[in-house]
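Observations on the model geometry
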Amino acid sequence: MLAASDGGYASHAAGRASASVVDPLSVTAERDLDFGLLETGRSGTVVVSAVDPVSRDGTGPATFLVRGGPLLNYRVKPERRAIARGRSTGAEVEVTDLTVATKNLGRRDWTGRLDVEGKDRVAVGGTITLPADAPADRYVAEVLVMVSYE
């Protein structure tokens, strides 16, 4: 449709648009960050690295399965605060210094890349510092993460 302006001239516009549809990203938690069974009356720092394997007693990093579009990059963003809780006592200790490793890239900078099947695994480690009066317990943290395409 052409419309005449007051000056008697016709105006028109043309454009082109395109879109790429990618598979949505999804994250499935596979295991919690497990600091292991800690003794009472012992203050100190416990570190679980994102690259540590899970030990026989279950101590190890939190792991997540990420799914989305094949060969696409993504970014992992952890929740600002994580708390490790004693499974028996419910005692709480703040988790600090969260670290990450991705299976496909082996990176530790919160970025990953999906493989040809659109999958990757992310591991998250962290640190807790127990006060001397912390009760003996197995300390486990539920870590929440968000992922987005880069």
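Along each chain, numbering runs from 1 in the same order as the chain's sequence is written. Per-residue local features of the predicted model are confined to residues with pLDDT of at least 70, and side-chain atom pairs are confined, for both listing and counting, to 80 or more; whole-chain, interface and lining totals are unaffected and use all residues. Values reported for side chains reflect all heavy atoms of the structure, with hydrogen atoms and water molecules removed beforehand.

**A few points about the overall build of the protein**
- The number of helices and strands found in the protein is zero helices and 13 strands.
- Secondary structure elements are taken from DSSP: a helix is a run of H or I of four residues or more, a strand is a run of E of two residues or more, and numbering for both begins at the N terminus. Along the protein, helices and strands appear, N-terminal first, in the series β-β-β-β-β-β-β-β-β-β-β-β-β.
- Against the globule reference of 15 Å for 150 residues, the protein gives a C-alpha radius of gyration of 24 Å, more extended than a compact globule.
- In terms of overall dimensions, the protein has C-alpha extents of about 90 × 35 × 20 Å along its principal axes.
- Summary of the burial criterion: residues with accessible area below 20% of their type's maximum are buried, those above 50% are exposed, and those between are partly exposed, where the area comes from a 1.4 Å probe applied to protein chains only. Among the 150 residues that make up the protein, the fraction classed as buried is 37%.
- Accessible surface, the protein: about 9600 Å² in total, of which carbon and sulfur atoms supply 50%.
- One way to put it: in the protein the 18 positive side-chain charges average out to a point 4 Å from where the 20 negative ones average out. With C-alpha atoms as the basis for the radius of gyration, the globule rule is written as 2.2 Å multiplied by the number of residues raised to the power 0.38. The Shrake-Rupley method, run with a 1.4 Å probe sphere, supplies the accessible areas, and residue values consider only the shown protein chains as cover. Positive charges are assigned to Lys and Arg, negative charges to Asp and Glu, while His and the chain termini are left out of the count. To locate a charge, the coordinates of NZ of Lys, CZ of Arg, CG of Asp or CD of Glu are taken.

**Some words on the environment of Val-147**
- Among the secondary structure elements, Val-147 is positioned in strand 13 (residues 145-149).
- A residue is classified by how much of its surface remains accessible, and Val-147, at 18% relative accessible area, is buried.
- Residues Val-147 and Thr-89, spaced 58 residues apart in sequence, show a C-alpha to C-alpha distance of 32 Å.

**Structural notes on the environment of Arg-107**
- With respect to the element layout, Arg-107 can be found in the loop between strand 9 (92-102) and strand 10 (111-113).
- Looking at Arg-107, the relative accessible area reads 39%, which means it is partly exposed.
- Linking Arg-107 and Lys-77, residues 30 residues apart in sequence, is a C-alpha distance of 14 Å.
- Ignoring any residue separated from it by four or fewer positions in sequence, one finds Arg-107 in contact with Val-100, Ala-101 and Thr-102. In this description, contact between two residues means that some pair of their heavy atoms is separated by no more than 4.5 Å.

**Observations concerning the nonpolar core**
- In this structure, Leu-33, Phe-35, Val-95, Val-122, Val-124, Ile-128 and Tyr-139 are the most contacted members of the largest nonpolar core, which totals 29 residues.
- Excluding anything up to four places from it in sequence, Phe-35 contacts Val-46, Val-48, Thr-59, Ala-84, Val-95, Gly-126, Thr-127, Ile-128, Tyr-139 and Ala-141. Buried Ala, Val, Leu, Ile, Met, Phe, Trp, Tyr and Cys residues form a nonpolar core when they are joined through side-chain atoms within 4.5 Å.

**A word on the pairing of strand 4 (residues 33-38)**
- Among the six residues in strand 4, five count as buried, and that is most of the element.
- Any two strands with at least two DSSP bridges between them are considered paired. One ladder, built from five bridges, connects strand 4 with strand 12 (residues 137-141); its direction is antiparallel. Each residue of the ladder has a partner; that of Leu-38, found in strand 12, is Asp-137.

**Notes on the side chain of Asp-34**
- Counting through the fold element by element, Asp-34 comes out in strand 4.
- Residue Asp-34 is classed as buried on the basis of its relative accessible area of 5%.
- Leaving out residues up to four positions away in the same chain, Asp-34 has contacts with Val-48, Gly-58, Thr-59, Gly-60, Arg-138, Tyr-139 and Val-140.

**Regarding the environment of Ser-88**
- Residue placement: Ser-88 occurs in the loop between strand 8 (82-86) and strand 9.
- It is 9.0 Å that separates the C-alpha atoms of Ser-88 and Ala-136, two residues lying 48 residues apart in sequence.

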